[in-house]
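# Summary of the model geometry
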Amino acid sequence: MASHIVEVRYRDEILSPYTRPLRSHRLTVLERGPMSERDPHPSALAKASTTRLAAASPRLAPQRAADVRLKREMSVANALTATLAECTRHIRANIAGARRGQDPESLHQLRIGIRRLRAALSAYRNAIVAAERHAVGRALRQFEHKLGPARNWDVLIGKLDETAQEDAWQRQGFAGVIELAKTRRSAAHGQLVRAIGHLPISELLRRAQQLAAGRGAEPALGAPIRDFAIRELDARDRRARRMGRRIGSLNAEKLHRLRICVKKLRYASEFFVGLWPK
């Protein structure tokens, strides 16, 4: 039985530890004849089952994040309440779509929702009791990690499809690689479904929303949100500039930390943008 090793490389942004494996994938494609002649494989059966479920269920459109509506006269407590409500809404709106696996964008939006909620906890870290913030943050991070493998396969399959469409000469050779990647993605999606079913997501999101009423941070919660936002954005801007001074000489790990720092600054800017209307 012959086999081929196909190496797929593509450029990406500064890679996180979860997307770095996609930069160089080695997939073995076995020459076993047409799909119809192959023995059924458990992952293939799972994929077929998922396909039948998707066909029988109404399609759920991915839901994007909405702007957080803040006003200058708000207190930090009211602004935090509004921010956490929007972040948890975004997550809840994409859980069912991610579970069904009909549209990879639903899973993508679910992960964005989790990241935005974690970024909100970071942006308001001086107004939330540290122990409660850390507990919720750890649980959110664990949830996000459970979603990573399926999303990584979605990204890889998208890149493979794109390359196959651009290069007709390689299209036939890529077909087997894409098929194998989709089989592995199906297995990863099964793990995702089990993770969503086992995690107390509703309770976690409820705990996140309750952080705005936490004890021990009353002075910060009662402060004007605009003054709080100015201090927070200035501090994050200074940190990003300091970390990026020698960007050309930074190694992969330091580039990753810089990327996270800039993303947190971007998310904080999006949360507070309503305080400075155009």
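Not measured: the values here are computed from a predicted model.

Basis of the calculations
Residues numbered from 1 in each chain as written. Predicted model: local features only at pLDDT ≥ 70, side-chain atom pairs only at ≥ 80, totals over all residues. Heavy atoms only, no water. Helix = DSSP H or I, 4+ residues; strand = E, 2+ residues; numbered from the N terminus. Buried < 20%, exposed > 50% of the residue type's maximum accessible area, 1.4 Å probe, protein only. Contact = heavy atoms within 4.5 Å. Areas by Shrake-Rupley, 256 points an atom, 1.4 Å probe, with all protein chains shown as cover. Phe/Tyr/Trp six-rings, centres within 6.5 Å; stacked < 30°, edge-to-face > 60°. pLDDT = per-residue confidence, 0-100. Salt bridge = Lys/Arg side-chain N within 4 Å of Asp/Glu carboxyl O.

### Describing the overall build of the protein
- The secondary structure content of the protein amounts to 9 helices and 2 strands.
- Element order for the protein, N to C, with α for helix and β for strand: β-β-α-α-α-α-α-α-α-α-α.
- A buried classification covers 39% of the 278 residues belonging to the protein.
- The contacts in the protein between residues at least 6 apart in sequence include a share of 78% that link residues at least 24 apart.
- Of the accessible surface of the protein, which amounts to about 16000 Å², a share of 52% is contributed by carbon and sulfur atoms.

### A few points about the packing of aromatic side chains
- Overall, the coordinates contain 2 aromatic pairs when judged by the stated rule.
- Residues tyrosine 124 and phenylalanine 228 carry aromatic rings whose centres are separated by 5.5 Å and whose planes lie at 15° to one another, so their mutual orientation is stacked. With tyrosine 124 in the loop between helix H3 (104-123) and helix H4 (130-166) and phenylalanine 228 in helix H8 (residues 225-243), this pair connects stretches of sequence that are 104 residues apart. Each of the two residues, tyrosine 124 as well as phenylalanine 228, counts as buried.
- Both rings, one in tyrosine 124 and one in phenylalanine 272, keep their centres 5.6 Å apart while their planes meet at 65°; by these two values the pair is edge-to-face. Note that tyrosine 124 is positioned in the loop between H3 and H4 and phenylalanine 272 in helix H9 (residues 252-272), a separation of 148 residues in sequence. For the residue pair tyrosine 124 and phenylalanine 272, the accessibility class agrees, reading buried in each case.
- Chaining the aromatic ring pairs together yields one cluster made of Tyr124, Phe228 and Phe272.

### Looking at the confidence of the model for the protein
- Confidence in the prediction of the protein, expressed as mean pLDDT, is 81, and 76% of residues score 70 or more.
- Here residues 1-55 is modelled with pLDDT under 50, and outside its nearest four sequence neighbours on either side it reaches 79 contacts, counting other chains as well.

### What about the environment of isoleucine 114?
- Within the secondary structure, isoleucine 114 is located in helix H3.
- Sequence-distant contacts of isoleucine 114, that is, excluding residues within four places in its chain, are made with Ile91, Leu140, Phe143, Glu144 and Leu147.

### Topic: the pattern of salt bridges
- Taken as a whole and judged by the stated rule, the model has 10 salt bridges.
- A salt bridge links glutamate 203 to arginine 206, with the nearest nitrogen and oxygen atoms 2.5 Å apart. With a gap of 3 residues between them, glutamate 203 and arginine 206 both fall in helix H6 (residues 201-209), about one helical turn apart.
- Residue classification places glutamate 203 among the partly exposed residues on the basis of a relative accessible area of 35%.
- Residue class for arginine 206 comes out partly exposed when judged on its relative accessible area of 36%.
- Between arginine 236 and glutamate 232 there is a salt bridge, with its nearest N and O atoms 2.4 Å apart. Placement of both arginine 236 and glutamate 232 in helix H8 is noted, with a separation of 4 residues, approximately one turn of the helix. For the pair shown, arginine 236 and glutamate 232 are each scored as buried.
- Beyond isolated ion pairs, a larger network of salt bridges with shared partners links Arg115, Arg118 and Glu144.

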